[in-house]
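Listed here are the chains, written in short residue letters.
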Amino acid sequence: MLIEFSVENFRSFKDKVTFSMEKSKGDENSNNVFTLERYNLLKSAAIYGANASGKSNLIKALTVAISMVRKSNVMPIGGKWIDIVPFMFDEKKKEEPTSFEFVFIANGVKYKYFFKVDKNKIYEEVLEAYYSQKPTLIFKREKGNKYTYKTDEKKLRAIEVKNTDNKLFLATATTWNYDKTKPAFLWFMNFINVYSDLKHVSDTSLIDFNSEDDKLKKFTLKLLGMADMVIKDINVNYEENDMVLSLTSGLTNNIIREPMVKNVNIEFIHEIIDSKGLKSRYKLDFEDESTGTQILFAMAPFLMKAFENGMVIVVDELEKSLHPLLVKFIIGLFNNPNINKANSMLIFSTHMINLMDLELFRRDQIWVVDKNIDTGISDLYSLDSFSVRKNENIEKGYLNGRFDGIPFIKDDVSLWQD
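The paragraphs below set out a description of the structure included in this document. Keep in mind it's a predicted model, so treat the numbers as computed, not measured.

Rules of the game
Residues numbered from 1 in each chain as written. Predicted model: local features only at pLDDT ≥ 70, side-chain atom pairs only at ≥ 80, totals over all residues. Heavy atoms only, no water. Pairing = 2+ DSSP bridges. Helix = DSSP H or I, 4+ residues; strand = E, 2+ residues; numbered from the N terminus. Axes fitted to C-alpha atoms, helices over the stretch in contact; angles between N-to-C directions. Contact = heavy atoms within 4.5 Å. Phe/Tyr/Trp six-rings, centres within 6.5 Å; stacked < 30°, edge-to-face > 60°. Buried < 20%, exposed > 50% of the residue type's maximum accessible area, 1.4 Å probe, protein only.

## Details of the sheet that holds strand E8 (residues 122-130)
(1) Moving on: Within the open sheet, the seven strands sit side by side as E2-E1-E6-E7-E8-E9-E10. Their pairing is antiparallel. Each edge of the open sheet is held by one strand with a lone partner, namely strand E2 (17-20) and strand E10 (146-148). When the angles between neighbouring strand axes are averaged without regard to direction, this sheet yields 10°.
(2) Moving on: The sheet strands contacting helix H4 (residues 182-190) are strand E1 (2-8), strand E6 (98-106), strand E7 (109-117) and E8, and the helix crosses E6 at an angle near 105°.

This is the structure:
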């Protein structure tokens, strides 16, 4: 599970900012909190901010950092990390590398993983494991190719020569079967995912729907039923296409072969009662269903996986094409201990100010990204940074500018005049 994520010198984030899923003071909303390896963590968090404030840049930072770990082993010599974009409004900063740091728990162990990178190379990289209260250094990389190890030096020196300037040693060491990096690497591969388009149904998900095990279908029907969508059955049919290479999981060069599908047909079976009280069943194609139904159907596979395995789910603008009550419904799934038994986390950006409710969220679950319009620098903080009363109307306070992170509209007609 994610404890903290920090980023520095990436897009609008000039200075280091830290996003935390660790519980602060206060015992309110106890269902929103769980304990893992002595850490009290939050099940969900919402990120607010005006348009162009930088909240999507925070999601992009997570996306880029995770993608780098997953794709490192297939990065060719001389290949560039084109998604690394430093803060461009400072002549010095735009020539400096970007930094990412994750603090997380994998297989019952806390890890801290840091790396500094520009488009061309990795400058620094450190992995520490907390097998006890004190950190144990797994490896440290400085100046691009200077490595330090506390244990297994002979084994790691042999792996070190197989790495290149533009590859992360975490991925290289794991690929060459170094056991102490494997849990951290697999956490990035399998236990944290970022989504920007919830309407997309992956080919792997479609195959899961059509497998002999109908567990996913049952979960999806239950999910739709809880959301007041009366659908009695789902039919998924397709033809298998050629296999393709995928970077989503696996250890051998991070590549596995995944099937593709074509000629997909998804049907939803509705049961309708006519004026005589008789029941009849009708089929609707996927495209004929509401956007909300489509999105929940697309979300079902990763929600089921999350609730079974314990994952970190990050969504940019969760409310896209969803009714506000459906958004609250999804948040409630994660905060419900009877459903989210594996204590998965939901992190999302949003403009839905009606979610700013201290009966729904704790203060430390609500984050704000605010950009200084004079410097172009984004800052990040939680409402826990403010003296917020437990019964305060934080939605009203936010709209009144108390917590910043809102657009300041200039009602000045003279701005339109030449």
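## Topic: the packing of aromatic side chains
(1) Moving on: A complete count under the given rule lists 25 aromatic pairs for this structure.
(2) Moving on: With a centroid separation of 5.0 Å and an interplanar angle of 80°, the aromatic rings of Phe139 and Phe169 are classed as edge-to-face. One end of the pair, Phe139, is in strand E9 (residues 136-142); the other, Phe169, is in helix H3 (residues 169-175), with 30 residues separating them in the sequence.
(3) Moving on: On the basis of relative accessible area, Phe139 is assigned to the buried category, the value being 0%.
(4) Moving on: Residue class for Phe169 comes out buried when judged on its relative accessible area of 0%.
(5) Moving on: Pairwise contacts between aromatic rings join Phe5, Phe10, Phe100, Phe102, Phe104, Tyr111, Tyr113, Phe115, Trp187 and Phe188 into one cluster.

## Regarding the pairing of E7
(1) Moving on: Burial of E7 is extensive: seven of the nine residues sit out of reach of the surface.
(2) Moving on: Counting the residues between successive antiparallel strands, the hairpin from E6 to E7 contains two residues, one of them, Asn107, with a positive phi of roughly 55°.
(3) Moving on: Across eight bridges, the pairing between E7 and E8 is antiparallel. Within the sheet, the bridge partner assigned to Tyr111 lies in E8 and is Ala129.
(4) Moving on: Between E7 and the antiparallel strand that follows it, E8, lie four residues.

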